Structure formats: C-alpha cells, structure tokens
Amino acid sequence: MCGRTACSLAADNLRRACAYRDRRGQHRQPEWVRRERYQPSYNKGPQSSGPVLLSRRHLHQDADSSERVLMDMRWGLVPSWFKQDNPSKLQFNTSNCRSDTMLSKSSYKGALQKGKRCVVLADGFYEWQQQSGGKQPYFIYFPQTKDTMDKETEGDEEWKGWRLLTMAGIFDCWKPPGEGEMLYTYTIITVDASKDVSFIHHRQVRPGKGVAGMPAILDGDEAIRKWLDFAEVPTQEAVKLIQPVENIVFHPVSTFVNNIRNNTPECVAPIELGAKKEVKATPSNKVMLGWLKISQEGSPQKKENDLPKWTSQFIHTPSPKKTSADVLQQWLGKQGQPATKKHKA
C-alpha cells in the first residue's frame, strides 16, 4: 500500500512543475482551484489533504476535457453515495484502491465509470522494509536529471526543478445531508510492486505475481493526458495504463519520518545504512540537497531550536544554532558510500 508521501513544493512552483502542452501544442500551466487550502508537507498521511490534477471539465461542463486544473483534496475516498452525516463514520479504509478490484468494488466502480480520474502529485512516497531490528523507511521517487537546478527563478516558463511523482488516482465528491460544503476526496491506485522495489516488502513474491502495494505511477505526460482526459479516453482504455513502473529510484531515510507529526526536510534526506561514516556527496545526493534547499521556501518550517536532536551512528546531532540546510550539508560529508541507488534484481 501507499500510506505516506511528501509534497513540499510551494503552490506557485507546484503549478509550474505541472506544466503541459494542450491540444494545440501550446505550453500551459494548470489553474489552481482552492489554492489557499494547499499546505506543503514532507510527511503526508491519509486524512490529510494533498494536491491532485484533474480535467477542467469535471468543474465546468463546457470546458475542454484536455485542460487541467490543480485542486487540493482529502486523501481517503468518500463515495458520493455515502449516507452518513460525517465522513469519519466510513467503516473501511479507502486511502488505497487495488487495481485488480477497482472495477468491481462499489466504493470505486461508480466514480471510475463516470471518469473521475485524477493524478496524485508528490515529491515521492515512503515505504518501510521489515528488518530484525524494526522497520527501515525508504523514500521512492522519479530519477532526477542532471540539469535539475539548485535555484529556480520565479517566472521561468520551463520548470527545471524536482520532477514530481505522478500517481494514478480516483476521486469522488460527497455532499453531507442537508446544508454543507462539497467534500472532494481521492484514493491512490496500487499495483504489484516492480522488481526494483519488491525487496523492500517483507512478503513472499507470489509466482506470476508481484508484491502488492506500490502506487500506480504514470510515467510521462502522454500517460497523464490519457488518464485525465475522460471524454476522449474511455475507462476500459485508460485502465491499461495501470501497470508497475521500473523507472524509479530510492534511498533509505531516518526513522524520524515514522512519526507523522515530524514535518521537516530531515524526513527525505538520505542516510547510510549500517555505517559509521557520513553519506558521500554523490550527484544524486547533490540533487536531493539542492531540491531540499529550494523547496523550503513556502514550505513547512520549524524553528531552529525545534529541530530534532538525533543520536545516530550516521547522523550528527545538530547544534541549536544550525538550520535544516546546515544539518543536511553535514550528512553529505566527504566519506561514505552513495545512498541513492536502484536495487538490482
């Protein structure tokens, strides 16, 4: 399953990172809907809100179905047919939807058949590996290009920053009985884990099947276009896009992320497992560090004195006078081994 994500870009940068080409080939950015509700976070869990892409036609019937909007929705789908007066009374978990049952379960079938498809946006997601000493968290995301800039210039037409992870989702609209505001909610579709990340799961791989629990990732704008454009791409055609993806990388992170109340860049920073040395400054780590620096603008912050004081064999205890960026720079020391890697099957 996918139970924790990070989405730390400020609202304006998130919009720029979602730029696309319309039917005429023109460069566009999706319009924000309810932008004021969006709250960046390094540690998002179910029942929190998060940004999604959807077709503008869901909100305006006369709109071009290929046009996209950004909207903040609550994670955990509440079906439109739910009759209780409080969505918290829903008796089952709808944060994830298995791809093999999404066309049969009543919670998702109706919304999917009506074309309520969305793309859930994140820097990446977290997965935990069961080990003898407990669970080790990993951060999983798209490979980042070498030209990912350490600093973005406001107003640049082309986004050259962090490439967002784009996950296939289903959304629905629930209106409470009587008076009340419409609640928009979503679920993340999951598929069998790809070979690259299946080792993280502490479950036996079934013959002919992978390990269930990986988000259905849409790799590339063409896949995103087909998933969102419900008027042009019917459901039976769109669901063919829901497949395990190999184009991902990952690195281990501190168990600091285990507590969902912890919401600082330390959640996604790479660490070195089972070593007393600091993490070596590799190209991948430099990209991560640069991203962490720029993503802090407009993102959740904590006072310097509130930074966690860890005592770990591979992380220095930060001084109260040092900022998050200073701590991260310490991690990327002169010795150690690369932390970001793909698993070789």
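The preceding data block contains the structure.
Analysis parameters
Residues numbered from 1 in each chain as written. Predicted model: local features only at pLDDT ≥ 70, side-chain atom pairs only at ≥ 80, totals over all residues. Heavy atoms only, no water. Buried < 20%, exposed > 50% of the residue type's maximum accessible area, 1.4 Å probe, protein only. Helix = DSSP H or I, 4+ residues; strand = E, 2+ residues; numbered from the N terminus. Pairing = 2+ DSSP bridges. Contact = heavy atoms within 4.5 Å. Polar contact = N/O pair within 3.5 Å; in protein donor to acceptor, adjacent residues only side chain to side chain. Salt bridge = Lys/Arg side-chain N within 4 Å of Asp/Glu carboxyl O. Phe/Tyr/Trp six-rings, centres within 6.5 Å; stacked < 30°, edge-to-face > 60°.

Moving on, we come to the pairing of strand S12 (residues 165–174). Taking burial as the measure, the ten residues of S12 include ten buried ones, the bulk of the element. Both strand S9 (residues 117–122) and S12 contribute to a ladder of six bridges, which runs antiparallel. Bridge pairing in S12 places cysteine 118 opposite glycine 169. Strand direction decides the pairing type here: S12 and strand S13 (residues 183–192), joined by six bridges, are antiparallel. Directly across from phenylalanine 171, in S13, lies its bridge partner tyrosine 186.

What follows is about the environment of cysteine 118. With respect to the element layout, cysteine 118 can be found in strand S9. Its relative accessible area of 0% is what places cysteine 118 among the buried residues. For the pair cysteine 118 and glycine 169, spaced 51 residues apart in the sequence, the C-alpha separation amounts to 5.0 Å. Among all residues touching cysteine 118, those that are not within four sequence positions of it are Val52, Leu53, Met167, Ala168, Gly169, Ile170, Phe171, Tyr186, Trp227 and Leu228.

What follows covers the environment of threonine 166. Mapped onto the elements, threonine 166 comes out in strand S12. Using a relative accessible area of 8% as the deciding quantity, one classes threonine 166 as buried. For threonine 166 and glycine 124, which are 42 residues apart along the polypeptide, the C-alpha to C-alpha distance reads 8.8 Å. Within polar-contact distance, the side chain of threonine 166 engages the backbone oxygen of leucine 218 at 2.6 Å.

The next thing to look at is the pattern of salt bridges. Under the counting rule described, the total for this entry stands at 17 salt bridges. The partner of arginine 23 in a salt bridge is aspartate 64, and the shortest N-O contact between them spans 3.0 Å. With arginine 23 in the loop between strand S2 (20–21) and strand S3 (27–28) and aspartate 64 in the loop between strand S6 (49–55) and strand S7 (68–75), this residue pair connects regions lying 41 residues apart in the sequence. For arginine 23, a relative accessible area of 46% gives the class partly exposed. According to the relative accessible area criterion, aspartate 64 is partly exposed, its value standing at 27%. Between aspartate 100 and arginine 98 there is a salt bridge, and its shortest N-O distance comes to 3.1 Å. Given a relative accessible area of 52%, aspartate 100 falls into the exposed group. Take arginine 98: its relative accessible area is 36%, and that puts it in the partly exposed class.

A separate point is the packing of aromatic side chains. Enumeration according to the criterion identifies eight aromatic pairs in this entry. Taken together, a centroid distance of 6.3 Å and an interplanar angle of 10 degrees make the contact between tryptophan 75 and tyrosine 186 stacked. Placement of the pair is tryptophan 75 in strand S7 and tyrosine 186 in strand S13, with a sequence separation of 111 residues. Residues tryptophan 75 and tyrosine 186 agree in their burial class; the two are buried.

Just geometry here; none of it tells us what the structure is for.
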